[in-house]
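The residues making up each chain are set out below.
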Amino acid sequence: MKAVVYQGPFQVAVQEVPEPTIQHPADVIVKITTSCICGSDLHMYEGRTAAEPGIIFGHENMGVVVETGSAVSRLKVGDRVVMPFNIGCGHCQNCESGYTAFCTEVNPGFAGGAYGYVAMGPYPGGQAQYLRVPWADFNALSLPPGREHESDFALLADIFPTGWHGVSLSGFQPGESLVVFGGGPVGLMAAYSAVLRGASEVYVVDRVPERLEKARQIGTIPINFDQADAVDQILDQRHGAYVDRAVDAVGYQATQAGREVPNTVLVSMVRVVRATGGLGVPGLYVPSDPGGVDPLAREGYLSFPVGKFFEKGLKMGTGQCNVKQYNRYLRDLIIAGRATPSFVVSHEISLEDAPLAYEKFDKRIEGYTKVLIHPND
Ligand SMILES: NC(=O)c1ccc[n+]([C@@H]2O[C@H](COP(=O)([O-])OP(=O)(O)OC[C@H]3O[C@@H](n4cnc5c(N)ncnc54)[C@H](O)[C@@H]3O)[C@@H](O)[C@H]2O)c1
Ligand SMILES: [Zn+2]
Ligand SMILES: [Zn+2]
């Protein structure tokens, strides 16, 4: 079969690789209809992780079951499914408590696992024609048959739940105001979730015009941080009033004035949120960063205004999204016509076009915001 394979920094190629097979009775094989490119893939693509050449990318996967292991009882051949990007076993302490992003069974000595991601276990990704899904009865979310809502449902694998999770991590309550740093796919999904959840006012901070325009289209207030300091702009618009909550949908590759400043969003969030408010951090920070801007950043340490954080009595939630906590009811919002997250999708492509899409998405040019690959079309 064909798959998108990492070759080294700024290089992916479509290659012929062996088709996955059932390795455990609880596995299924899914023929992929859609697999998305994610901002998280770019950390590997840019050589900012320990990813070795040969990884098949793709953690945002959906498709149709074509083969089931002998212990699979719920899923049947022909079922249409979308998989959370995190793989859970379903029976460890964290999975039982709903923290499926921190499953202790999927990887030895490390909590959490995912498809097609460095250090997240021996699970090839789905930017390929077929995917092996472990503990499939637990992990796969069933979808109505057909191709309806394909691009909405595909976003249930990661970014719609992750945006929703970012808002939850901030402690958000209906009626509150919120600022989302980062207008990429995750940030736009966080902003959209806050709108769906009854926010009074939502700001989206970015510098990419197409992303700020999408933010405006969903009824949120775009803030261009290239024009002036984002916190100053927001506080000016609010006549000095702080916001209730902030979400970091940028992570450790944040920029300021054209250069990378890994702690800039964390610092801004502490400045802009009211005393006793909350910070949600779905944006990725890493325990070690080979390409870090200074020796401390390379060790995964960043400076943080802990004094102000304490003085304001702020709370902060972090971590990978436990997709299974959210994807069932977000699926039902889509089916009911109350959520259409696919507004964020900018390009739908074949597998052959993936290398070019990586290049353009990485540069955040030509409107590349969210790319959906259809490997079998
Ligand atoms: N927690 C999770 O489970 C989870 C899941 C998916 C993605 N992520 C992470 O979320 C982050 C965002 O993902 P994405 O796909 O939207 O990525 P993306 O790279 O497309 O978007 C990031 C955006 O941040 C903007 N940005 C850079 N510096 C900024 C600053 N100082 N202020 C405001 N905006 C700034 C960029 O212009 C870009 O548009 C990444 O770190 C990704 O790894 C986490
Ligand atoms: Zn993702
Ligand atoms: Zn588990």
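Just so we're clear, the structure is a prediction, and the values are computed from it rather than from any experiment. (Residues numbered from 1 in each chain as written. Chains lettered and ligands numbered in written order. Predicted model: local features only at pLDDT ≥ 70, side-chain atom pairs only at ≥ 80, totals over all residues. Heavy atoms only, no water.)

1. A word on the sheet that holds strand E14 (residues 273–281)
Going by this rule: We call two strands paired when DSSP finds no fewer than two bridges between them. Helix and strand definitions follow DSSP, with helices as H or I runs of at least four residues and strands as E runs of at least two, each counted in order from the N terminus. Axes, fitted as lines to C-alpha atoms, cover a helix only where it is in contact. Angles between the N-to-C directions of the axes lie from 0 to 180 degrees. By definition, residues are in contact when any of their heavy atoms lie within 4.5 Å.
Taking strand neighbours across the sheet as the criterion, the six strands line up as E10-E9-E8-E11-E14-E15 in an open arrangement whose pairing is parallel. Both edges of this open sheet fall to strand E10 (221–224) and strand E15 (315–318), since each of them pairs with a single strand only. Each adjacent strand pair in this sheet contributes to an overall mean axis angle of 20°, direction not counted. Examined bridge by bridge, strand E9 (residues 201–206) and E10 share four bridges and lie parallel to one another. Along E10, the bridge assignment pairs Val205 with Ile223. The sheet contacts of helix H8 (residues 230–237) involve strand E8 (177–181), E9, E10 and strand E11 (243–248), and relative to E10 the element is tilted by about 140°. Where helix H9 (residues 264–272) meets the sheet, it contacts E8, E11 and E14, and its direction lies at approximately 150° from that of E14.

2. Re the layout of surface pockets
Convention followed: Here a cavity denotes a set of grid points, spaced 1 Å apart and computed over the protein atoms alone, in which a 1.4 Å probe fits but from which it cannot get out, and a pocket denotes an open set meeting protein on both sides within 12 Å along at least five of seven lines; residues with an atom within 4 Å of a point are reported as lining. Grid points are joined across faces, edges and corners, and a volume is the space filled by probe spheres set on the points. Under the grouping applied here, Gly and all other residues not named as nonpolar or charged are polar, the nonpolar ones being Ala, Val, Leu, Ile, Met, Phe, Trp, Tyr, Cys and Pro and the charged ones Asp, Glu, Lys and Arg.
Considering only enclosed or pocket space, the second largest pocket measures out at about 210 Å³ in volume. Lining of the second largest pocket is provided by 15 residues; of these, Pro18, Pro20, Ile56, Pro124 and Arg132 occupy positions nearest its centre. When the residues that make up the lining of the second largest pocket are grouped by side-chain class, the tally is 11 nonpolar, two polar and two charged.

3. Considerations on the coordination of the zinc ion (ligand 3)
Rule in force here: Listed donors are limited to N, O and S atoms within 2.8 Å of the metal, widened to 3.2 Å for Na, K and Ca; water is not among them, so incomplete-looking sites are possible. Note on exposure labels: buried denotes an accessible area under 20% of the residue type's maximum, exposed denotes more than 50%, and partly exposed covers the range between, all computed with a 1.4 Å probe on protein chains only.
All of the protein donors around the zinc ion (ligand 3) are Cys89 (SG), Cys92 (SG), Cys95 (SG) and Cys103 (SG); their distances to the metal are 2.3 to 2.4 Å. Written as a sequence motif, the donor arrangement for the zinc ion (ligand 3) is C-x2-C-x2-C-x7-C. Using a relative accessible area of 6% as the deciding quantity, one classes Cys95 as buried. Since its relative accessible area comes to 0%, Cys103 is described here as buried.

4. Overview of the domain arrangement of the chain
The criterion, for reference: Each domain's extent is set by a domain assignment, obtained either automatically or from a database. By buried area we mean how much accessible surface two parts lose on assembly, using a 1.4 Å probe and totalling the loss over both. The working definition used for a salt bridge is a side-chain nitrogen of Lys or Arg within 4 Å of a carboxyl oxygen of Asp or Glu.
Split into domains, the chain comes out as domain 1 (2–158 + 322–373) and domain 2 (159–318). A C-alpha centroid distance of 25 Å is found between domain 1 and domain 2. Across the contact, 33 residues belong to domain 1 and 25 residues belong to domain 2. Across the domain 1/domain 2 interface, buried area totals approximately 2,500 Å², and carbon plus sulfur atoms make up 61% of it. When the area that domain 1 buries against domain 2 is broken down by residue, the three leading residues are Arg48, Tyr326 and Phe343, summing to 31%. Put simply, Asp289 and Arg48 hold a salt bridge, and the shortest N to O gap is 2.8 Å. With five residues, the top contributor of residues to the side of domain 1 that touches domain 2 is helix H12 (residues 327–335). Broken down by class, the residue content of the side of domain 1 that touches domain 2 amounts to 18 nonpolar, seven polar and eight charged.

5. Section: unusual backbone geometry
Positive phi, normally seen in glycine, also occurs at His239, with a value near 50°. Relative to the helices and strands, His239 is located in the loop between H8 and E11. On the accessibility criterion, His239 (78% relative accessible area) is exposed. Even without glycine at this site, Glu366 takes up a positive phi of about 50°.

6. Concerning the pattern of salt bridges
Taken as a whole and judged by the stated rule, the model has 20 salt bridges. A salt bridge links Asp332 to Arg331, with the nearest nitrogen and oxygen atoms 3.0 Å apart. The exposure class assigned to Arg331 is buried, which follows from its relative accessible area of 13%. Several salt bridges converge on common partners, so that one network encompasses Arg80, Arg147, Glu150 and Asp377.

7. What about the side chain of Asp41?
Worth spelling out the cut-off: Two residue types count as positive, namely Lys and Arg, and two as negative, namely Asp and Glu; His and chain ends fall outside the count.
Here Asp41 is to be found in helix H1 (residues 39–45). Notably, Asp41 is buried but unbridged: the nearest opposite-charge side chain belongs to Lys370, and the N-O separation is 6.8 Å. If we ignore the near neighbours within four places in the chain, the residues touching Asp41 are Cys36, Phe57, Gly58, His59, Tyr117, Gln127 and Tyr358.

8. Focus on the nonpolar core
In plain terms, the rule: Only buried Ala, Val, Leu, Ile, Met, Phe, Trp, Tyr and Cys residues count toward a nonpolar core, and they belong to the same one when joined by side-chain atoms within 4.5 Å.
Counting residues in hydrophobic clusters, the biggest one holds 64 residues, and the most contacted among them are Leu155, Leu156, Phe160, Leu178, Val180 and Tyr358. Sort the elements by how many residues they give to this core and helix H6 (residues 185–196) lands first, with seven residues. Ignoring any residue separated from it by four or fewer positions in sequence, one finds Tyr358 in contact with Val4, Val12, Ile37, Asp41, Leu42, Tyr45, Phe57 and Gln127. Ranked by size, the runner-up nonpolar core spans 22 residues in total, among them Ile223, Val243, Leu266 and Val273.

9. Details of H9
Working note: α-helix, 3.6 residues per turn, so residues spaced by three or four point in the same direction. Judged by how many residues are buried, H9 sits mostly within the fold: seven of nine residues are covered. Three or more residues of H9 are buried, namely Thr264, Val265, Leu266, Ser268, Met269, Val270 and Val272. The inward-facing, buried residues of H9 abut E8, H8, E11, strand E12 (255–256), E14 and helix H11 (306–311).

10. Observations regarding the coordination of the zinc ion (ligand 2)
Protein-derived coordination of the zinc ion (ligand 2) comes from Cys38 (SG), His59 (NE2), Glu60 (OE) and Asp158 (OD), at a distance range of 1.9 to 2.3 Å. One chain supplies every donor for the zinc ion (ligand 2), spaced along it as C-x20-H-E-x97-D. With Cys38 in the loop between strand E3 (28–37) and H1 and Glu60 in strand E4 (residues 60–68), this residue pair connects regions lying 22 residues apart in the sequence.

11. Quick notes on the packing of helix H5 (residues 159–169) against H6
The cut-off we apply is this: Each crossing gets its handedness from the near helix: less than a right angle anticlockwise from the far helix is left-handed, clockwise is right-handed.
Direction vectors running N to C along H5 and H6 enclose 60°, while the axes themselves pass 7 Å from each other. The interaxial crossing formed by H5 with H6 has right-handed handedness. Judged by residue contacts, Ile159, Phe160, Thr162, Gly163, Trp164 and Val167 of H5 engage Pro185, Val186, Met189, Ala190, Tyr192, Ser193, Ala194 and Leu196 from H6. Tallied by class, the residues present in the contact of H5 with H6 amount to 11 nonpolar, three polar and no charged.

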